[in-house]
Amino acid sequence: MELTLWTYEGPPHIGAMRVVTSMRELHYVLHAPQGDTYADLLFTMIERQDQRPPVTYTTFQARDLGGDTAGLVKQTVAEACARFRPQMLLVGESCTAELLQDQAGTLAASMDLGVPVVALELPAYSKKENWGAAETFYQIVRAALSGRAAEAVTAEQGPQSALRRPRANLLGPTVLGFRCRDDVIEITRLMSRLGVDVNVVAPLGATPADLARLPDADFNIDLYPEISRTTCVWLERNFRQPYTRTVPLGVGGTRDFMREVAELAGLDQERILESEIPGASSLAASSSRLPWYSRSVDSTYLTGKRVFIFGDATHAIAAARVARDELGFEVVGLGSYSREFGRELRAAAGLYGLTALITDDYLAVESAIAEAAPELVLGTQMERHIAKRLGIACAVISTPIHVQDVPARYSPVYGFEGANVIFDSWVHPLVMGLEEHLLQMFREDFEFNDRAVPSHLGKGIAAQPSPPEVDSSTAAGNQDASTSLQWAPETEQELRKIPFFVRGKARRNTERFARERGLAMITVETLYDAKAHFGR
């Protein structure tokens with residue numbers, strides 16, 4: 001076991017809570033010690049939900065360990081079932097309770113409760129949150145379809161049927177996911193304009209009764225593979241339902257997604273994309289402003305900016321494609337904490353000539369970002385903190401998230417409208433970074449100097465003394481190097497003219513250049529000699 005300050009994923013029972021909280025008419029009894037109820041805050045604080053999760057805890061205490069904790073499980077399960085009357089009851093254990101080996105799920109299954117009971121076995125010391133969510137969703141679907149055999153699917157349900165429009169299930173969205181609420185709305189609208197009906201959305205907003213209708217669809221849309229891939233594979237094997245492999249993120253990804261949906265639904269792909277269906281032209285060609293914006297004069301000076309990407313595998317892989325192909329960035333780092341998708345991530349990284357960074361150690365991620373010295377970081381809430389310390393622009397693209405990544409406004413990242421959101425979210429930090437750089441360059445000019453007498457703010461406003469400048473690149477640089485080398489004051493002034501997002505790398509390269517030549521004082525000439533030597 002390794003102590004850590006941050007973690008990308010919680011234990012698997014947190015993933016189970018995400019699925020249960022996303023659904024309705026479902027309840028989860030969690031065998032856990034007093035104090036593990038902290039998990040409620042994840043939903044009420046970050047998702048800003050108006051009600052607590054449908055979870056009941058046994059909340060055993062230290063004094064209970066000398067008695068019958070199994071009896072406490074049975075009592076809690078019976079009381080929860082009688083009080084909430086769910087369509088389905090889930091019973092599991094937290095990582096601490098797992099050590100007691102009370103087998104809470106087995107105990108509940110042996111009770112005559114009158115509702116289906118799903119016993120969750122989520123190994124807390126070998127698996128993590130996303131796996132726990134995927135396994136929980138899979139077990140719920142299996143329980144909901146236990147009485148329905150694959151043979152019950154009739155030929156009328158195929159996409160070739162002329163009796164109705166094609167149907168699809170949207171699988172994978174949960175609470176505490178990245179923009180899932182708005183992505184579902186965007187993809188549902190897209191399906192409607194393609195002529196495909198949405199049969200069931202799950203887990204988000206579904207009931208166990210809704211899950212019993214999953215086989216009525218012709219195919220499944222695997223929106224968030226970390227959560228729904230296991231279920232999609234099982235449905236394909238048992239109910240002959242194919243599923244999508246394309247993530248509709250970015251304009252190119254959305255168009256490829258439309259082609260795949262058209263193929264699975266038995267629709268004419270070219271007719272979909274070339275506007276023979278009314279409204280399809282605006283849908284495919286002009287619904288997103290990203291293609292035009294990325295070619296505009298205001299954006300072309302961002303072409304070639306170096307970007308480092310880290311998050312869950314689904315968003316990281318799709319974001320790399322958008323960054324390179326649609327915004328003209330250079331991908332200099334690609335990684336994920338989703339070890340279950342390591343093969344896909346390595347294949348994607350190979351397209352950019354990179355070695356995939358697969359780790360859940362945020363210190364390793366920080367080291368890789370500092371080494372790559374990108375102009376932009378696309379990552380999680382953790383990478384936002386890392387980038388802030390390193391003085392690099394950042395945009396969040398993946399869980400784990402903070403409350404500011406759950407906006408009250410409509411803000412999807414999937415589909416054509418999502419491409420607009422992506423452009424704003426990724427480009428604006430770079431634009432503001434350049435603006436900050438210009439302010440630093442001209443800070444001695446009277447128009448920007450804080451010590452200057454204001455000319456346009458009105459008389460009588462006293463000029464405030466400017467605070468001492470702190471160069472963030474100094475803190476991010478190598479401390480040992482700074483103690484053995486001295487920077488001339490005029491050289492420090494010249495260094496500040498370099499954009500802040502590459503200043504740290506310029507400082508490190510210059511100090512390396514000086515050490516290799518045995519220089520104790522770094523002059524302006526040394527700075528520019530190092531720049532010429534390293535080609536930046």
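None of these values were measured; they are calculated from a predicted model.

This next bit is on the sheet that holds strand 10 (residues 357–358). Read across the sheet, five strands follow the order 10-9-8-11-12 without closing on themselves; strand pairing throughout is parallel. Among the strands making up the open sheet, the edge pair consists of strand 10 and strand 12 (393–396). Sheet topology note: the strand 8 (residues 306–311)/strand 9 (residues 330–336) ladder contains six bridges and is parallel. Counted as the bridge partner of Phe-310 is Gly-335 from strand 9. Of the strands in this sheet, strand 8, strand 9, strand 10 and strand 11 (376–379) touch helix 17 (residues 362–372), which is tilted by about 170° from strand 8.

With that settled, the discussion passes to the pairing of strand 11. Side chains Leu-376 and Leu-378 of strand 11 all project onto a buried face; the interleaved residues Val-377 and Gly-379 project onto the opposite face, where all are buried too. Bridge count between strand 8 and strand 11: three bridges; the pairing is parallel. Looking across to strand 11, one finds that Phe-308 is bridged to Val-377. In this structure, strand 11 lies alongside strand 12, joined through four bridges in parallel fashion. Within the sheet, the bridge partner assigned to Val-377 lies in strand 12 and is Cys-394. Since strand 11 and strand 12 lie parallel, the crossover through helix 18 (residues 381–390) that links them has a hand, and here it is right-handed.

Our next topic: the nonpolar core. Judged by nonpolar contacts, the single largest core of 99 residues is most densely connected at Tyr-28, Leu-90, Met-191, Leu-211, Ile-309, Leu-334 and Trp-426. The greatest single-element share of this core, amounting to seven residues, is contributed by helix 19 (residues 415–441). Beyond its immediate sequence surroundings of up to four residues, Met-191 is in contact with Val-196, Val-198, Ile-221, Phe-257 and Val-261. If you look at the next biggest cluster of nonpolar residues, it comprises 16 residues, including Val-377, Met-382, Ala-387 and Ile-392.

Let us look at the pattern of salt bridges. Across all of its chains, the model carries 18 salt bridges by this definition. A salt bridge links Arg-339 to Asp-360, with the shortest nitrogen-to-oxygen separation between them at 3.6 Å. A residue pair is termed long-range when its members are at least 10 positions apart, and Arg-339 in the loop between strand 9 and helix 16 (342–351) and Asp-360 in the loop between strand 10 and helix 17 qualify at 21 residues. Across the pair Arg-517 and Glu-516 runs a salt bridge, and its minimum N-O distance is 3.5 Å. Taken together, the shared-partner salt bridges in this structure form one network comprising Arg-24, Asp-210 and Arg-213.

Before going further, it helps to examine the sheet that holds strand 6 (residues 197–202). Across the sheet, which stays open at both edges, the three strands sit in the order 6-5-7 with parallel pairing between neighbours. Edge strands, defined here as strands with exactly one partner in the open sheet, are strand 6 and strand 7 (219–222). Across this sheet, the average inter-strand angle for adjacent strands is 25°, counted without regard to direction. Relative to strand 6, strand 5 (residues 167–171) is paired through four bridges, and the arrangement is parallel. From the neighbouring strand, Ala-168 faces strand 6, where its bridge partner is Val-198.

Okay, the confidence of the model for the chain next. When pLDDT is averaged along the chain, the result is 83; 80% of the residues meet or exceed 70. Every residue in residues 275–286 scores below 50 in pLDDT, and together they form 21 contacts with partners more than four places removed in sequence or on other chains. For residues 452–482, every residue scores under 50 in pLDDT, and the model assigns this stretch 29 contacts once sequence neighbours within four places are set aside.

It is worth spelling out the packing of helix 1 (residues 12–22) against helix 6 (residues 129–144) at this point. In the contact formed by helix 1 and helix 6, the axes pass within 6 Å of each other and the chain directions differ by 50°. Comparing their axes, helix 6 and helix 1 come out oblique. The interaxial crossing formed by helix 1 with helix 6 has right-handed handedness. Two secondary-structure elements touch here, helix 1 through Pro-12, Ile-14, Gly-15, Ala-16, Arg-18 and Val-19 and helix 6 through Glu-129, Asn-130, Trp-131, Gly-132, Ala-133, Thr-136, Phe-137 and Ile-140. For the contact of helix 1 with helix 6, the class distribution of residues is eight nonpolar, four polar and two charged.

Quick look at unusual backbone geometry now. Of note, the bond from Ala-202 into Pro-203 is cis; its omega dihedral lies within 30 degrees of zero at 5°. Residue Pro-400 is reached from Thr-399 by a cis peptide bond, and omega for that bond is 0°. Along the polypeptide, Pro-400 turns up in the loop between strand 12 and helix 19. If you check the backbone angles, Leu-176 has positive phi at about 65° while not being a glycine. Of note, Leu-176 is situated in the loop between strand 5 and helix 7 (180–194). The phi dihedral of Arg-240 is positive, around 55°, even though this residue is not glycine.

Calculation rules
- Residues numbered from 1 in each chain as written.
- Predicted model: local features only at pLDDT ≥ 70, side-chain atom pairs only at ≥ 80, totals over all residues.
- Heavy atoms only, no water.
- Pairing = 2+ DSSP bridges.
- Helix = DSSP H or I, 4+ residues; strand = E, 2+ residues; numbered from the N terminus.
- Contact = heavy atoms within 4.5 Å.
- Axes fitted to C-alpha atoms, helices over the stretch in contact; angles between N-to-C directions.
- Buried < 20%, exposed > 50% of the residue type's maximum accessible area, 1.4 Å probe, protein only.
- Right-handed = clockwise from strand over helix to strand, strands pointing away.
- Core = buried A, V, L, I, M, F, W, Y, C linked by side-chain atoms within 4.5 Å.
- Salt bridge = Lys/Arg side-chain N within 4 Å of Asp/Glu carboxyl O.
- pLDDT = per-residue confidence, 0-100.
- Parallel < 35°, antiparallel > 145°, perpendicular 65-115°, else oblique.
- Left-handed = near helix turned anticlockwise from the far one by under 90°.
- Nonpolar A, V, L, I, M, F, W, Y, C, P; charged D, E, K, R; others polar.

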